[in-house]
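# Geometric and topological summary
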Amino acid sequence: MVKSNGSLVNSIEKSLQQNCNCESVIVEDRAIGIQFNKLDVFSNSKLGITLINPSYSSSAEKEANRLNRILKKDVQNFKSVDFITFNFKSKGRTKTVKIKDGNIL
């Protein structure tokens, strides 16, 4: 449960700060409970994360996958978050990557 588990969100944020080559990590959106929309389908817990001025060598999708693997390994109960939106934001542009159950949508 994301909203009621502040320690989980703090652990996710701390892990991203340690493993993301960016200026800052902002956890923006948190929600628990069954949600549905036409684009993202069903989810039980959602988390929106913005990475400010990220630096990565390949693509935003590959970087999101790398960070997702790190979170799975480093953060206890990370599997309880079934939908994550990574927003890679730098100088007037934002690249969004959505991950549901470990897979890019």
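Residues numbered from 1 in each chain as written. Predicted model: local features only at pLDDT ≥ 70, side-chain atom pairs only at ≥ 80, totals over all residues. Heavy atoms only, no water.

### What about the pairing of strand β3 (residues 83-90)?
Of all the eight residues making up β3, six are buried; the element is thus mostly covered by neighbouring parts of the structure. Where β3 meets strand β4 (residues 93-100), eight bridges bridge the pair, whose relative direction is antiparallel. In the sheet register, phenylalanine 83 faces β4, and the bridge partner there is lysine 100. The hairpin turn running from β3 into β4, its antiparallel successor, is two residues long, and lysine 91 in that turn takes a positive phi close to 30°. (Buried < 20%, exposed > 50% of the residue type's maximum accessible area, 1.4 Å probe, protein only. Helix = DSSP H or I, 4+ residues; strand = E, 2+ residues; numbered from the N terminus. Pairing = 2+ DSSP bridges.)

### Examining empty space enclosed by the protein
Rolled over the atoms, a probe as big as a water molecule pinpoints where empty space is left. For the structure on display, the rule yields one cavity of 30 Å³ or more. When its volume is computed, the largest cavity comes out at roughly 30 Å³. For the largest cavity, the full set of lining residues is Pro54, Tyr56, Phe88, Ser90, Arg93, Thr94 and Lys95. At the level of elements, β3 and β4 are the ones that each hand at least two residues to the lining of the largest cavity. Classifying every residue of the lining of the largest cavity gives three nonpolar, two polar and two charged. (1 Å grid on protein atoms, 1.4 Å probe; cavity = no way out; pocket = protein on both sides within 12 Å on 5 of 7 lines; lining within 4 Å. Points joined across faces, edges and corners; volume = space filled by probe spheres on them. Nonpolar A, V, L, I, M, F, W, Y, C, P; charged D, E, K, R; others polar.)

### Things to note about the side chain of serine 15
Structurally, serine 15 can be placed in helix α1 (residues 6-19). Of the residues examined, serine 15 reaches a relative accessible area of 4% and is grouped as buried. The contacts of serine 15, once residues within four sequence positions are left out, are Ile70, Leu71, Asp74 and Val75. (Contact = heavy atoms within 4.5 Å.)

### Some points on the nonpolar core
The biggest cluster of nonpolar side chains holds 23 residues, and the ones touching the most others in it are Ile12, Leu16, Leu47, Ile49, Leu51 and Phe86. Contributions of two or more residues to this core are made by α1, β1 (24-37), β2 (41-52), α2 (60-74), β3 and β4. (Core = buried A, V, L, I, M, F, W, Y, C linked by side-chain atoms within 4.5 Å.)

None of this, on its own, says anything about what the molecule does.
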